[in-house]
Amino acid sequence: MQLDHRIPSGPLTEKWDRFRFETKLVNPANKRKFDIIVVGTGLAGASASATLGELGYNVKTFCIQDSPRRAHSIAAQGGINAAKNYPNDGDSIWRLFYDTVKGGDFRAREANVYRLAQISNQIIDQCVAQGVPFAREYGGLLTNRSFGGAQVSRTFYARGQTGQQLLLGAYSALMRQVKAGKVTLFPRSEMMDLVVIDGQARGIVTRNLITGAIESHTAHAVVLATGGYGNAYYLSTNAMASNVTATWRAYKRGACFANPCFVQIHPTCIPVHGTYQSKLTLMSESLRNDGRVWVPSKKGDQRRPAEIPESERDFYLEKKYPSFGNLVPRDVASRNAKEQCDAGKGVGETGLAVYLDFADAIKRLGEESIRRKYGNLFHMYEKITGQDPIKEPMTIYPAVHYTMGGLWVDYHLMSTVPGLYVLGEANFSDHGANRLGASALMQGLADGYFVLPATIGAHFATATLPKIDTNHVAFTEAKKTVHERIQTLLSINGKRTADDFHRELGHLLWDHCGMARNEAGLKKALHNLPELKKKFWSDLKVTGSGAELNQTLERAGRVADFIEFAEIMILDALAREESCGCHFREESQTEEHEAKRQDDTFSHVSAWQYQGEGQTPLLHKEPLVFDNVKLSQRSYK
């Protein structure tokens, strides 16, 4: 297999315009001849479905929720980046491009990232036109705030509900196309398999989550916008339903999985409070605009924060990174919080937390101003913890949040399976080894509103796509495989729940393939994984049947995929013998204990190809070439 990124030639600043001019187009009258399946209705999926429908294509859109409005994009809090330079503080498309490449520790393609920075400004215009209620200054202009990894204010926001408001904008555009008859919506439907015919992605098999019916759907192209796989760790900030199943099915049908070990650890999460906790809650990175991060200077100091004078507080981010202070990127903040807690200076009942303190900001700006900026976030924190952040500091600790890895895609956002496109968090594309805050919403909407609608036409204009129906043998075989898998899960009749196995898998990955990794730990995890898989398939208990609403069965199927997927996560982490982003290989660090890249060996995208059940996947490497930025050791000091 050859990984052809299909990046246009010419200067970086002209590649996207050149592509759009030189690519073959589909006549507007001919677009109605093509059917497209879109799986997922988050920002990437909803925006893609709406735009493709508007262009005239026939779109089938699937989501596992009861409404597209419940996609996980709704949970994004802090904001969305764009290079508008409204504050006039020196921002530009080039600076956004550079900050994103540097923030990703130089492990992303220049061409994709520059395109993202170019499109960012169009996204804001699009969303304002839809009525998204971005925060505004007194004079009525859109306002911005700062986020980690940048020294300019470029983040547009709607209080702490930016994802929700952007999703409502995309949802309204989507439902307009549903009403127009160009988009058919299939809620409560889970993709169970991808159907590939003559080397082309031509449809999917789904399970109706209400009735249990296994259904087949054909198309001329399939688009996956199904989010990330952070729930492999069991505890994460992801929605409980977030899973890897759709992309894992595509991987088994020939789509390479890229950089699966690249997982973002977010520094500002409410700490774990119990063994049987089911998920974690994120506190927006925007809080670090005004909140100061600190721990007691002395190890084991368990006094209440109000009893610790400032002279005995260690504001370690401000001290260590004076240029960026509390607004260092997420990976840097996370690693330093872990370092403080490992040194015995953590706070709270478990000692696995640090303080995020707003006292100075309240003195400077007033309580009313702080509540106006962060009120809904403070309310959420108080509802969960019973503590008011106005009166005492928040306690926070790093947690699994976003996944930079995903299915490999080229410049067109097409996977290694022709006709299979992958958008947003489900692809590996734009963030390298670490995503800067407020860039996920930017990428999802860029992919859906602007990139895919321009690239998918090139496929339709050149590919041979004969008419097929669901009676084709490939659909029959795929449905049979899905039925057999469901029956196997139901028939095991063991004693342990899927959640129990999932929790065990989460501990294995967090301990050995989390923030800090080493060769011995990764090999131990790889050794223990087959035993966990064996126990799952021999001692799992699934109640109910497959012909009804059965959330126990849903969970079991997703956990089975997480257990299989964990193998390539660990293999990828083992193969990448460098520290980059928030992936800290203990064998590769500077004298100051910072991440140390090895550009001569690992300046590439790792793309894993499925080789069959029980076989080690094959690793392909796409070299990363940097013609426009200078590779340097990342520093935020």
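Note that the structure is predicted; figures quoted are calculated from it, not measured. Note that residues are indexed from 1 along each chain, following the sequence as it is written. Local features in this predicted model are restricted to residues whose pLDDT is 70 or higher, and side-chain atom pairs enter the listing and the counts only when it is 80 or higher, whereas totals over whole chains, interfaces and linings include all residues. Calculated side-chain values reflect all of the structure's heavy atoms, with hydrogen atoms and water omitted.

**A few points about helix α11 (residues 440-462)**
Line of reasoning, step 1. Numbering of helices and strands runs from the N terminus, with a helix taken as a DSSP run of H or I at least four residues long and a strand as a DSSP run of E at least two residues long. Residue count minus one, scaled by 1.5 Å, sets the expected span of a helix. Compared with an ideal rise of 1.5 Å per residue, which puts 23 residues at 33 Å, α11 spans 31 Å between its outermost C-alpha atoms and is within 8% of the ideal.
Line of reasoning, step 2. At Val451, α11 shows its largest bend, some 50 degrees, and a proline, Pro453, comes one to four positions later.
Line of reasoning, step 3. Relative accessible area decides the class of each residue, using a 1.4 Å probe on protein chains only: under 20% of the type maximum gives buried, over 50% gives exposed, and in between gives partly exposed. Along α11, 19 of the 23 residues are buried, which leaves the element largely enclosed by surrounding structure. At any given residue, the bend is defined as the angle formed between two axes, one fitted to the seven residues that end at that position and one fitted to the seven that begin there.

**Considerations on the pattern of salt bridges**
Side-chain pairing between opposite charges can occur once the charged atoms of the two side chains come close.
Line of reasoning, step 1. A carboxyl oxygen of Asp or Glu within 4 Å of a side-chain nitrogen of Lys or Arg is what we treat as a salt bridge. One pass over the full model with this rule turns up 51 salt bridges.
Line of reasoning, step 2. Between Glu367 and Arg371 there is a salt bridge, with the nearest N and O atoms lying 3.0 Å from each other. Taken as a pair, Glu367 and Arg371 lie in helix α10 (residues 367-385) at a separation of 4 residues, close to a single helical turn.
Line of reasoning, step 3. Classification of Arg371 by relative accessible area gives partly exposed; the value is 29%.
Line of reasoning, step 4. Across the salt bridge formed by Asp499 and Arg555, the nearest N and O atoms sit 2.3 Å from each other. Here Asp499 is found in helix α13 (residues 498-513), whereas its partner Arg555 is found in helix α15 (residues 551-575), with 56 residues between them in sequence.
Line of reasoning, step 5. One connected set of salt bridges, linked through shared partners, spans Asp105, Arg107, Asp331, Arg576, Glu578, Arg597, Asp599 and Arg634.

**Things to note about the environment of Val451**
Line of reasoning, step 1. Take Val451: it is sitting in helix α11.
Line of reasoning, step 2. Val451 gets classed as buried once you look at its relative accessible area, which sits at 2%.
Line of reasoning, step 3. Linking Val451 and Glu22, residues 429 residues apart in sequence, is a C-alpha distance of 15 Å.
Line of reasoning, step 4. Two residues form a contact once any of their heavy atoms are found within 4.5 Å. Excluding anything up to four places from it in sequence, Val451 contacts Trp16, Arg115, Ile119, Leu413 and Ala446.

**Observations concerning the packing of helix α1 (residues 15-22) against α11**
Line of reasoning, step 1. Think of each axis as a best-fit line through the C-alpha atoms, taken over the contacting stretch in the case of a helix, with angles from 0 to 180 degrees between the N-to-C directions. Axis separation between α1 and α11 bottoms out at 10 Å; the angle between their running directions is 40 degrees. In this structure, the crossing between α1 and α11 has a hand that is left-handed. Here Trp16, Phe19 and Arg20 of α1 come into contact with α11, specifically with Phe450, Val451, Ala454 and Thr455. By convention, the crossing between two helices is left-handed when the near helix turns anticlockwise from the far helix through less than a right angle, and right-handed when the turn is clockwise.

**Looking at the domain arrangement of the protein chain**
Size of an interface: often given as the accessible area lost when the parts come together.
Line of reasoning, step 1. Domain borders in the structure are assigned automatically or taken from a domain database. Here the protein chain is described as being made up of domain 1 (267-399) and domain 2 (473-596).
Line of reasoning, step 2. Its C-alpha centre places domain 1 at a distance of 31 Å from the equivalent point of domain 2.
Line of reasoning, step 3. Listed per partner, the contact involves 10 residues of domain 1 and 11 residues of domain 2.
Line of reasoning, step 4. Buried surface area refers to the total accessible area, computed with a probe of radius 1.4 Å, that the two partners give up upon joining, counted for both partners together. In total, domain 1 and domain 2 occlude about 850 Å² of area from one another, counting both sides; carbon and sulfur atoms represent 59% of this.
Line of reasoning, step 5. On the domain 1 side of the interface with domain 2, the three residues burying the most area are Asp331, Arg335 and Lys338, jointly 50% of the side's total.
Line of reasoning, step 6. At the junction of domain 1 with domain 2, the criterion picks out 2 salt bridges.
Line of reasoning, step 7. Measuring nitrogen to oxygen at the nearest pair gives 3.6 Å for the salt bridge that ties Glu594 to Arg335.
Line of reasoning, step 8. Ranked by residues supplied to the side of domain 1 that touches domain 2, first place goes to helix α8 (residues 330-342) with 5 residues.
Line of reasoning, step 9. Amino acid classes used here: Ala, Val, Leu, Ile, Met, Phe, Trp, Tyr, Cys and Pro are nonpolar; Asp, Glu, Lys and Arg are charged; the rest, including Gly, are polar. A class-by-class count of the residues in the side of domain 1 that touches domain 2 yields 3 nonpolar, 2 polar and 5 charged.

**Observations regarding the packing of helix α12 (residues 473-491) against α15**
Line of reasoning, step 1. Look at α12 against α15: their axes get within 10 Å of each other, and the N-to-C directions meet at 105 degrees. Here α12 is positioned roughly perpendicular relative to α15, judged by the angle of their axes. Here α12 contributes Arg485, Ile486, Leu489 and Leu490 to the contact with α15, which in turn contributes Leu553, Ala556, Gly557, Ala560, Asp561 and Glu564. Throughout, the term roughly parallel applies to angles under 35 degrees, roughly antiparallel to angles over 145, roughly perpendicular to angles from 65 to 115, and oblique to all others.

**As for the pairing of strand β6 (residues 189-197)**
Line of reasoning, step 1. Counted residue by residue, β6 has 8 buried out of 9 residues, so it is predominantly covered.
Line of reasoning, step 2. The pairing criterion for strands is at least two bridges between them, as found by DSSP. The pairing of β6 with strand β7 (residues 200-208) spans 8 bridges and is classified as antiparallel. The residue bridging Val196 from the neighbouring strand is Ala201, located in β7.
Line of reasoning, step 3. Linking two consecutive strands that pair antiparallel, namely β6 and β7, is a turn of 2 residues; a positive phi of about 50 degrees is found at Asp198 within it.

**Digging into the packing of aromatic side chains**
Line of reasoning, step 1. A pair of aromatic rings is counted whenever rings of Phe, Tyr or Trp (Trp by its six-membered ring) have centres within 6.5 Å, and the orientation is called stacked for planes under 30 degrees apart, edge-to-face for over 60 and tilted otherwise. Under the defined criterion, the tally for this structure stands at 29 aromatic pairs.
Line of reasoning, step 2. Look at Tyr233 and Trp510: their rings are 6.5 Å apart centre to centre, the planes differ by 85 degrees, and that puts the pair in the edge-to-face class. Taken as a pair, Tyr233 in the loop between β9 (221-224) and α6 (245-252) and Trp510 in helix α13 lie far apart in primary sequence, 277 residues in all.
Line of reasoning, step 3. On the basis of relative accessibility, which here comes to 4%, the residue Tyr233 falls in the buried class.
Line of reasoning, step 4. Put simply, a charge is over a ring when the Lys NZ or the Arg CZ is close to the ring centre, within 6 Å, and near the line of the ring normal, within 35 degrees. Note that Arg115 overlies the ring of Trp16, its terminal NZ or CZ placed 5.0 Å from the centroid.
Line of reasoning, step 5. The side chain of Arg145 reaches across the aromatic face of Tyr157, ending 3.7 Å from its centre.

**Focus on the sheet that holds strand β8 (residues 214-218)**
Line of reasoning, step 1. Reading across from one edge, β6-β7-β8 is the order of the 3 strands in this open sheet, with antiparallel pairing throughout. For this open sheet the edge positions go to β6 and β8, each flanked by a neighbour on one side alone. Within this sheet the neighbouring strands show an average axis-to-axis angle of 25 degrees, counted without direction.
Line of reasoning, step 2. Bridge analysis of β7 against β8 gives 5 bridges, and the strand direction is antiparallel. Following the sheet pairing, Thr206 is matched in β8 by Glu215.
Line of reasoning, step 3. Here α12 sits on the sheet in contact with β6, β7 and β8, set at roughly 140 degrees to β6.

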